[in-house]
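Overview (structure and organization)
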Amino acid sequence: MTLRPVPHLAVIVVAAGSGTRLNGGAPKAFVGIDERSILHHALRGVFAAPPAQVVVVVPESLRGDALTDARDAAGDRAELVTVVAGGATRQESVAAGLSALWADIETVLVHDAARALTPPAVFERVIAALDGGAVAVIPTVPVVDTIKRVDGDGRVTAAVDRSELAAAQTPQGFRRDILAAALAAADADHTDDAALVAAAGHDVLTVDGDHTSFKITTAPDLDRARALVHAASVVQPSATRTAAPVMPRVGLGTDVHGFGGDGALWLAGLEWPGETALSGHSDGDAVAHAIVDALLAAAGLGDIGTHFGTDRPEFAGAHAAAFLTHTLGLLGAAGWRVGNVSVQVQANRPRFAARRVEAERALSAALGGAPVSVSATTTDGLGFTGRTEGVAAFATALIVPA
Ligand code: CTP
Ligand code: MG
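Residues numbered from 1 in each chain as written. Chains lettered and ligands numbered in written order. Predicted model: local features only at pLDDT ≥ 70, side-chain atom pairs only at ≥ 80, totals over all residues. Heavy atoms only, no water.

**Focus: the confidence of the model for the protein**
The line we're drawing: Looking at any residue, its pLDDT shows the predictor's confidence there, from 0 to 100. A contact between two residues is defined here by any heavy atoms of the two lying within 4.5 Å.
Taken as a whole, the protein shows an average pLDDT of 90; of its residues, 94% reach a score of 70 or greater. Between residues 1-5, whose pLDDT stays under 50, and residues either more than four places distant or in other chains, the model counts seven contacts. Here residues 236-242 is a poorly scored stretch, pLDDT under 50, and it has 13 contacts once near neighbours within four places are set aside; other chains count.

**Examining the pattern of salt bridges**
For the record, the criterion: Throughout this description, the term salt bridge denotes a Lys or Arg side-chain nitrogen within 4 Å of a carboxyl oxygen of Asp or Glu. When a residue's accessible area, from a 1.4 Å probe over protein chains only, is under 20% of the maximum for its type it is buried; when over 50% it is exposed; and in between it is partly exposed. Helix and strand labels come from DSSP, where a helix needs a run of H or I of at least four residues and a strand needs a run of E of at least two; each type is numbered from the N terminus.
According to the stated counting rule, one finds twelve salt bridges in the structure shown. Here Arg 155 makes a salt bridge to Asp 153, at a shortest N to O gap of 3.3 Å. For Arg 155, a relative accessible area of 53% translates into the label exposed. With a closest N to O distance of 3.0 Å, Glu 360 and Arg 356 form a salt bridge. Taken together, the residues Glu 360 and Arg 356, both in helix H11 (residues 356-366) and four residues apart, mark about one turn of the helix. When salt bridges with common partners are traced through the structure, they connect Arg 90, Asp 112, Arg 115 and Asp 193 into a single cluster.

**Focus on the site of ligand 1**
Applied cut-off: What makes a residue near a molecule or strand is one non-hydrogen atom of that residue sitting within 4 Å of it. Think of a polar contact as two N or O atoms within 3.5 Å of one another; within protein, one of them needs to be a possible hydrogen donor and the other a possible acceptor, and neighboring residues in sequence only count if both atoms come from side chains. To be clear on the numbers: accessible area is Shrake-Rupley with a 1.4 Å probe, and residue cover counts the displayed protein chains and nothing else. The residue classification treats Ala, Val, Leu, Ile, Met, Phe, Trp, Tyr, Cys and Pro as nonpolar and Asp, Glu, Lys and Arg as charged. All others, Gly included, are polar.
Residues in contact with ligand 1 amount to 18 residues; listed here are only the nearest, Val 14, Thr 20, Lys 28, Ser 93 and Lys 215. Contact between ligand 1 and Ala 15: an oxygen atom at 3.5 Å from a main-chain N or O atom of the residue. A distance of 3.2 Å separates an oxygen atom of ligand 1 from a polar backbone atom of Ser 18. Surface burial for ligand 1 is 88%, taken as the share of its 560 Å² of free accessible area covered by protein chains. A breakdown of the residues in the shell around ligand 1 according to their chemical character gives six nonpolar, seven polar and five charged.

**Overview of the pairing of strand E14 (residues 336-346)**
Under the convention used in this document: Pairs of strands are assigned from DSSP output, requiring at least two bridges between the strands. Look down the strands so they point away from you; if the path from the first strand over the helix to the second goes clockwise, the crossover is right-handed.
Pairing analysis gives ten bridges linking E14 to strand E16 (residues 390-401), with the strands arranged antiparallel. Note that in E16 the partner of Trp 336 across the bridge is Pro 401. Here E14 runs beside strand E15 (residues 372-377); their pairing, made up of six bridges, is parallel. The residue bridging Gln 344 from the neighbouring strand is Ser 375, located in E15. On the question of chirality, the crossover connecting E14 to the parallel E15 by way of H11 is right-handed.

**A closer look at the packing of aromatic side chains**
What counts here: Two aromatic rings, drawn from Phe, Tyr or Trp (for Trp, its six-membered ring), form a pair once their centres lie within 6.5 Å of each other, and the interplanar angle then sorts them: stacked below 30 degrees, edge-to-face above 60, tilted otherwise. Either the NZ atom of lysine or the CZ atom of arginine qualifies as a charge over a ring when it sits within 6 Å of the ring centre and within 35 degrees of the ring normal.
Enumeration over the complete set of coordinates arrives at two aromatic pairs. Arranged with centres 5.0 Å apart and planes meeting at 55°, the rings of Trp 272 and Phe 352 form a pair that is tilted. With a gap of 80 residues between them, Trp 272 in strand E13 (residues 270-272) and Phe 352 in the loop between E14 and H11 connect regions that are remote in the sequence. Across this residue pair, the class does not change: Trp 272 and Phe 352 are buried. Across the ring face of Phe 214, the terminal group of Arg 224 is positioned such that the distance to the ring centre comes to 3.9 Å.

Here it is, written out as structure tokens:
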């Protein structure tokens, strides 16, 4: 989509929160994703849109750091950046941002710095809807989980119809006068600006958000952002990676581990008492690792070393479920879900026949229920598998747009 430059448009980036839930050693927006901060990544998305002014709202003590970061992200548009100190709540921080707008600004987008990976297309959709005459616009994504109402004792009191629900993201766009009036009249603290404007009686329009626009709130969210940024930087662009998944894709993965590890054998997500363990950085589960590689290859997200290398101590000794669940999250964040997986094990030991279905169930459960087929074969005494020196696994995966 090509946009004409929108005149009198400002983006307020709220980055003044403390990040209590992330607990990242610094106010959240100043925690690093790679060598750049969450704020820096968020601003790169902002500057891909055509704003007239960018107001960055940060903790008072970090105004200097924020200005350096913002100017760096702005490149040749550094003169558009204003940095102001925020307030005790998000709403107060938005108000602080509004008070710094240039006089001629007519349209405002409010964006959470914590949504560091929001793609430019989301900004474009919000701006286009405002251009079309909407006074308040928010990006949303469908709610995928089944939602329950739960009382204080943890008991389910009611189901909530998911088809009526949508998860709100940012940037949220408004006519400046409407947002300013709603803020001035606010008698309650709202967690987003659309709630404030809706409380003032205005219609709020929705446009499509994006899965990668998730809010970095807790440590696993940061982990996911880091994996996505890392994958984007190591994977060749466009040739293997699609920005918006449209077609199913397949991937191939293989893995080999030798016998000789410590403790029990873990293979295909199962523990095999009495069998010799495989060696490796994790539990040596070649079946799980081949599946991870097949899935990552299908999505163009690199390979197992990209995401589970020896620099990730939390995966030392980890079993299949941890690997597969993490991989499923990476795929989901990139807009994919698993169609099915087929894996073949070549090994003299263990004997799979009696536990094949159990292995399929364990692997499928770790992949959110996607079908997994496991087959096993020996190699007629040939090669390292024939000599019972180790096992080899070969996996193919089909993934489909989420
Ligand atoms: N925010 C802000 N000023 C505040 C509180 C929040 O500018 N007083 C911003 C945050 O920096 C963030 C966005 O609003 O970009 C969404 O808030 P949230 O994700 O809740 O961030 P924090 O409040 O920093 O995190 P936590 O609630 O875990 O402390
Ligand atoms: Mg908060």
